[in-house]
Amino acid sequence: MPDLSFQIEKAEPQRFTVAPTLLFKLRISNSVPGEIIHSVALRCQIQLEVARRQYSPEHQAQMRDLFGEPDRWSQTLKTMLWTHASVVAPAFQDTAVVDLPVPCTFDFNVAATKYFHGLSDGDVPLSFLFSGTVFHADGEGALQVAPIPWDKETRFKLPVKSWREMMDIYYPNSAWLCLRRDVFERLYQLKVQHGFPTWERVLESILPELEEVGKR
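Only a predicted model underlies this, so the values are computations on that prediction, with no experimental measurement involved.

**Section: the overall build of the protein chain**
Helix and strand counts for the protein chain stand at 7 helices and 9 strands. For 216 residues, the compact-globule estimate of 2.2 N^0.38 gives 17 Å, and the C-alpha radius of gyration of the protein chain, at 23 Å, exceeds that figure by more than 25%. For the protein chain, the C-alpha atoms occupy an extent of roughly 80 × 40 × 25 Å along the three principal directions. The buried share of the protein chain, reckoned over its 216 residues, is 38%. In the protein chain, once contacts between residues fewer than 6 apart in sequence are set aside, the share between residues at least 24 apart is 74%.

Okay, structure coming up:
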């Protein structure tokens, strides 16, 4: 029976896709030498282990929206579920490397986006929790099916620059913000009434007043 282990070797942006996507190079190894693996239907839960890195004062300021004031972080800084991913690995013996695609979003209503955006350097500690099914051949060549145990996992430090590079590919010098429809309608009326050519000009027209209010 196969005894699989998993290791993330690196991550890189995938270009020319519909949505921003990171490709994690996943090595699958079988400790049973010479055993024929027909395929592996793999599911993966990816978590952000946010308590496993250090935060500069600048990063702490960026993280207030997620975790509150730093003096409360002993209670609020908890592992966060990032996303789920899946992949089917083709036939191999001993070991194989497959691409694990992870779609990403630049929606700032999503906690993971706020977290990644709040970091300017360093790594993001990730944990990958695996499950699924492995199809393999027994000693006589007959097809066998076995579950992947729930204790199979691995860790990886994702460079922040990899996430930023990916977003720069899909959203160069821009960001994506989702608004409630009634708020959008008010901004749209402001844009039409004043003849602002772009949404940037709409926001630039109201930001100085808001900044003054914040100073009071």
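**Regarding the pattern of salt bridges**
Within the structure shown, the criterion is met by 12 salt bridges. A salt bridge links Glu12 to Lys25, with the shortest nitrogen-to-oxygen separation between them at 3.9 Å. With Glu12 in strand β1 (residues 4-14) and Lys25 in strand β2 (residues 21-30), the pair connects residues that are 13 residues apart, well separated along the chain. Judged by relative accessible area, Glu12 falls into the partly exposed class, the value being 28%. Lys25 gets classed as buried once you look at its relative accessible area, which sits at 18%. Ionic pairing is found between Lys114 and Asp65, a salt bridge with its closest N-O pair at 3.1 Å. Taken together, the positions of Lys114 in helix α4 (residues 111-117) and Asp65 in helix α2 (residues 64-67) put the pair 49 residues apart, joining distant regions of the chain. Lys114 sits in the partly exposed class, given a relative accessible area of 24%.

**Details of the side chain of Glu49**
Along the chain, Glu49 turns up in the loop between β3 (36-48) and α1 (57-62). Within the local environment of Glu49, its side chain forms a polar contact with the side chain of Arg155, the two groups lying 3.1 Å apart. Among residues more than four places away in sequence, those in contact with Glu49 are Thr79, Pro125, Leu126, Ser127 and Arg155.

**Digging into the packing of aromatic side chains**
In total, this model carries 17 aromatic pairs according to the counting rule given. The interplanar angle of 20° and the centroid separation of 6.0 Å between the aromatic rings of Phe184 and Tyr188 together place this pair among those described as stacked. Highlighted residues: Phe184 and Tyr188, both in helix α6 (residues 181-194), separated by 4 residues, approximately one helical turn. Residue classification places Phe184 among the partly exposed residues on the basis of a relative accessible area of 34%. Tyr188 gets classed as partly exposed once you look at its relative accessible area, which sits at 36%. An aromatic cluster of at least three residues, connected via ring pairs, comprises Tyr55, Phe67, Trp73, Trp82, Phe106, Phe108, Tyr115, Phe116, Trp163 and Tyr171. For the cation-ring pair, Arg53 lies above Tyr55, with the distance from its terminal atom to the ring centre recorded as 5.2 Å.

**Description of the side chain of Gln47**
With respect to the element layout, Gln47 can be found in strand β3. A relative accessible area of 19% means that Gln47 is categorised as buried. A polar contact of 2.7 Å, which involves the side chain of Gln47, links it to the side chain of Gln45. For Gln47, the residues in contact, after removing those within four places along its chain, are Thr79, Met80, Leu81, Trp82, Pro125, Leu126, Ser127 and Leu129.

**Things to note about the sheet that holds β1**
The antiparallel open sheet is built from 3 strands, whose spatial order is β1-β2-β6. The outermost strands of the open sheet, each flanked by one partner alone, are β1 and β6 (95-103). On average, each strand axis in the sheet is tilted by 25° relative to the strand beside it, whichever way the strands run. Taken strand by strand, helix α5 (residues 160-170) contacts β1 and β2, and its axis lies near 45° from that of β1.

**Some details on the nonpolar core**
Counting 51 residues, the largest nonpolar core has Phe24, Leu48, Trp82 and Phe128 as its most contacted members. Of all the elements, β3 adds the most residues to this core, at 6 residues. If sequence neighbours within four positions are ignored, Leu48 has contacts with Lys78, Thr79, Met80, Trp82, Ala112, Tyr115, Phe116, Val124, Pro125 and Leu126.

Criteria and cut-off values
Residues numbered from 1 in each chain as written. Predicted model: local features only at pLDDT ≥ 70, side-chain atom pairs only at ≥ 80, totals over all residues. Heavy atoms only, no water. Helix = DSSP H or I, 4+ residues; strand = E, 2+ residues; numbered from the N terminus. Rg over C-alpha atoms; globule rule 2.2 N^0.38 Å. Buried < 20%, exposed > 50% of the residue type's maximum accessible area, 1.4 Å probe, protein only. Contact = heavy atoms within 4.5 Å. Salt bridge = Lys/Arg side-chain N within 4 Å of Asp/Glu carboxyl O. Polar contact = N/O pair within 3.5 Å; in protein donor to acceptor, adjacent residues only side chain to side chain. Phe/Tyr/Trp six-rings, centres within 6.5 Å; stacked < 30°, edge-to-face > 60°. Lys NZ or Arg CZ within 6 Å of the ring centre and 35° of its normal. Pairing = 2+ DSSP bridges. Axes fitted to C-alpha atoms, helices over the stretch in contact; angles between N-to-C directions. Core = buried A, V, L, I, M, F, W, Y, C linked by side-chain atoms within 4.5 Å.

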